[in-house]
Amino acid sequence: MNHAHPSRRLVAAVTVVLAVTAGSALTAAPAIAAPVAAVQAPAQADDVAVLPHPSEILSAGPTGFLTRAVYPSGALYSWTRYADGVTKSLAEPRTSYFGAQSDTVFSNKATEVVYWLNDMNRTGGVRYGVSHDDQRYRLFGAVGETLVMARTDEDTGVLDVNLVSQNTIRDVTVIPGNARLGRVWASTPGVALLQYSIGTGAERLSYLVAVDTATGQTVEAPREIHSERAATDAFLSPTRLAWIERTNANRVQLLTAARGVDVDPVVTDLGTAATSSDVDVNLVGDWVTTAELNGGTAPLPSALFPLTARSLADPRTTVKLLDHVSSSATAPNGDLYARGGTVAQGEGIYRISPGADGRPVATLVASTDSPTALTLTSTNVPATVDLDRNGGSAALSWNLSRENAAGKVTLRHVRTGRTAEFPFGNTGTLAFDWRGTLTDGVLAPNGDYVWELEAEPLNGIGPVLRKTGAFKVTRKAGLHDYDDNGAPDLLSRDASGRLWRDEVRKTASSSDYWSLESKLIGSGWNTYDQIEAVGNVAGAASGDLVARDTAGVLWLYLGKGDGTFAGRTRVGSGWNTYNKITGGSDLNGDGWSDLLATDTAGVLWTYQGTGNASAPFRTRTRVGAGWGDYNQITAVGDIAGTPQGDLLARDTAGVLWLHQGATATSFSARVRVGAGWGAYTHLVGMGDVDRDGRNDLFAYGKGGSFVYRGTGVAAAPLAARESSSVYPATPTPRHPIV
């Protein structure tokens, strides 16, 4: 093919603008995460600068390098010296900076056509400015102190490529006028490596050509490349040309060829890239390096993520230098500067240069003070989760060092081993409102918990992260909570004397109060003629149980907090003098539930809880007479706003009355709740089933079971009844219900 360039008129002049003011200062930029590999341990420079994590390298000159960190508020450019790691910010507002293999950095304001040249080794910095008189020319790149600019004529479609420098514009004639200019590389001082293409679609042909920036003339004849994907990377050293060819299916080949020799290139199949990111190629001494860029933030692994050096003498000989790379730049002396990281040394700018034996080595010259391996950066897990607050939920969160991670957090109750798992994928933050439930909808018991975080880096870079911590779940002790999980439990005895426990549940999406499951507590309970739940009278915070046998002996069963009870303890004899026994209200406010009983003469007595399992009740205290008018009494705790706890009593006409606790041994004047309560065979102070802070009432009769929610208002202490499926309408195989 004829690569001669048609004669063209020089249509633009270079405008040199003398610098009137100067200004520069420096900072640093971030990069992306890294891939896993057996990486050769990098060295560390004597003076390691610290740059912002998002710093990326833009260019490298003889004495320092240029970086950019992008933030939501804008970009921050910095220049860092090799010799001592000193960094200064280039802080001109609304200005972008770029460069290539020079200590001179170009700057340009978005609203201006002038490109200022800033000497990074000189105080004051700005030397002069250049611009193209024809503003239709677009910037494609820079090489040293020369800009590569081009335009395609809208009428003729002819491409014109110019090299613009101080007082000079040179026409690049080697590129045909019917071509399209692609990428520009500065990898060898004084030489611009240009990529251009001719044709479109299946007819498209791509070429690489090296041009002397001082003359605009070809120093390396155009070489056709055969990449199905356009604009793949290339590199020119004083002795070699290296480039990447890539199929549309992401199959990647590395090609290298000696300069000035008409021989076929050496082709190395690198495999398949996992992402659409560029595969970076550079030449370092007698080695060629490659890396699929942006592996640090990739959501999947790739064998091409590591920065890998291959011997030009034998491409089978490789050295893995970094776990990943996100940007790179070559200095005039041939050293490569790569923004990337290793699991061992973390993220930063690394210098890749030949070692004593000629093999390339990586040296950390600037750190971003952040790890390459996946780490846990912060957590929000309270030491104590109080599920009586915030509507019964707790906000929990775990923050990782990067987002390309997947795994799970497990919450584990230490005593029971019950768990809840919360998986996450491709996110750096796991945050949720924990509603106090475990697997299969089980409510979380109070007590000690551990959280276990397991997170896998999706890019395969670094080990699986495993971290643990501890917290405690607390709630106030529930009146009928035997398994210490905040949900009321109802106890019932079947005809054969077996005692069962039903955990009553209500969800916001359900209108029913239902039983999670019926669990057998044990057999032999038909020896008792009365069984009563009495709240916490001694021992652990969970509710306790008393049972009276046919001889009138009262027995105490301490709740163990796991839904079962400890072996019985004898309270005493003579309890058959009472025809009604109830418990659960703390009348004297000492933290222990008290027992109430009416004798056959209609006198109400109170037995205050002691907290001592061997002697759980103090000597009885007379409350008053006249209680023989009632055929059922039920201690319900606080349903009407009384701290001492309340008592519901039903008379023989079926009218229900509220007696609010007044003192440790007395009640306020009774308040009529309503008639029709004779339809129920059982009334149970079940505790707070709907978690609104007020205790509720469970009622059972021929029509089935119902729940009356406490209102906190003495004049109307119970809301309208709501249906419950805990026990079916009579006949029921279980009784009594307590």
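Residues numbered from 1 in each chain as written. Predicted model: local features only at pLDDT ≥ 70, side-chain atom pairs only at ≥ 80, totals over all residues. Heavy atoms only, no water.

Go over the sheet that holds strand S4 (residues 64-71), please, and point to the residues and values.
Judged by pairing direction, the sheet is antiparallel, and its four strands sit side by side in the order S3-S4-S5-S6 without closing on themselves. Looking at the sheet topology across the chains shown, the edges are occupied by strand S3 (55-60) and strand S6 (87-90). Geometrically, the sheet is characterised by an average inter-axis angle of 30° between neighbouring strands, direction not taken into account. Taken together, the eight bridges between S4 and strand S5 (residues 74-81) define a ladder with antiparallel strand orientation. Within S5, the residue paired with Leu-66 across the bridge is Trp-79. (Pairing = 2+ DSSP bridges. Helix = DSSP H or I, 4+ residues; strand = E, 2+ residues; numbered from the N terminus. Axes fitted to C-alpha atoms, helices over the stretch in contact; angles between N-to-C directions.)

I'd like a rundown of the domain arrangement of the protein chain, residues and numbers included.
What the domain assignment lists for the protein chain is domain 1 (45-129), domain 2 (132-225), domain 3 (226-372), domain 4 (376-473) and domain 5 (489-724). Averaged C-alpha coordinates put domain 3 and domain 5 at centres separated by 77 Å. (Domains from an automatic or database assignment.)

I'd like a rundown of the sheet that holds strand S23 (residues 279-284), residues and numbers included.
Strand order in the open sheet formed by four strands is S23-S24-S25-S26, and the pairing between neighbours is antiparallel. The open sheet terminates on both sides in strands that have one partner only, identified here as S23 and strand S26 (318-322). For this sheet, the mean angle separating the axes of adjacent strands, direction not counted, is 25°. With four bridges joining them, strand S24 (residues 287-292) and strand S25 (residues 307-311) adopt antiparallel strand pairing.

Before we move on, can you summarise the confidence of the model for the protein chain with the specific residues and values?
Here the protein chain shows a mean pLDDT of 90. Residues at 70 or above account for 93%. pLDDT under 50 marks residues 1-38. Its contacts with residues more than four places away, or in other chains, come to 168 contacts. (pLDDT = per-residue confidence, 0-100. Contact = heavy atoms within 4.5 Å.)

Report on the pattern of salt bridges, specifying residues and quantitative values.
Following the criterion strictly, the structure yields 26 salt bridges and no others. Between Lys-408 and Glu-421 there is a salt bridge; the shortest N-O distance is 3.2 Å. A residue pair is termed long-range when its members are at least 10 positions apart, and Lys-408 in strand S34 (residues 405-413) and Glu-421 in strand S35 (residues 419-425) qualify at 13 residues. A relative accessible area of 30% means that Lys-408 is categorised as partly exposed. Classification of Glu-421 by relative accessible area gives partly exposed; the value is 46%. (Salt bridge = Lys/Arg side-chain N within 4 Å of Asp/Glu carboxyl O. Buried < 20%, exposed > 50% of the residue type's maximum accessible area, 1.4 Å probe, protein only.)

Summarise the nonpolar core; cite the residues concerned and give the values.
Counting residues in hydrophobic clusters, the biggest one holds 27 residues, and the most contacted among them are Leu-396, Trp-398, Leu-400, Leu-411, Trp-434, Leu-453 and Phe-471. Elements that contribute at least two residues to this core include exactly strand S33 (394-400), S34, S35, strand S36 (429-434), strand S37 (447-457) and strand S38 (465-474). When sequence neighbours within four positions are dropped, the list of residues in contact with Trp-434 reads Val-385, Gly-392, Ser-393, Ala-394, Leu-396, Leu-411, Phe-422, Ala-444, Tyr-449, Phe-471 and Val-473. In terms of nonpolar packing, the next biggest core, distinct from the first, is built from 21 residues, Ala-150, Tyr-196, Ile-198 and Val-209 among them. (Core = buried A, V, L, I, M, F, W, Y, C linked by side-chain atoms within 4.5 Å.)

How would you sum up the environment of Arg-568? Please name residues and give values.
Topologically, Arg-568 is positioned in the loop between strand S44 (554-557) and strand S45 (569-572). Since its relative accessible area comes to 42%, Arg-568 is described here as partly exposed. C-alpha separation for the pair Arg-568 and Leu-558, spaced 10 residues apart in sequence, amounts to 7.4 Å. The residues touching Arg-568, leaving out its near neighbours within four places in the chain, are Tyr-528, Trp-555, Leu-556 and Tyr-557. A distance of 2.8 Å separates the side chain of Arg-568 from the side chain of Tyr-528, its partner in a polar contact. (Polar contact = N/O pair within 3.5 Å; in protein donor to acceptor, adjacent residues only side chain to side chain.)

Before we move on, can you summarise the packing of aromatic side chains with the specific residues and values?
The tally for this structure, following the rule as stated, stands at 29 aromatic pairs. Between Tyr-680 and Tyr-708, the aromatic rings sit 6.2 Å apart at their centres with planes inclined by 80°, giving edge-to-face as the arrangement. Here Tyr-680 is found in strand S55 (residues 680-687), whereas its partner Tyr-708 is found in strand S57 (residues 704-708), with 28 residues between them in sequence. As far as the burial class goes, Tyr-680 and Tyr-708 line up, both buried. Counting every residue linked through ring pairs, the aromatic cluster contains Trp-398, Phe-422, Phe-432 and Trp-451. (Phe/Tyr/Trp six-rings, centres within 6.5 Å; stacked < 30°, edge-to-face > 60°.)

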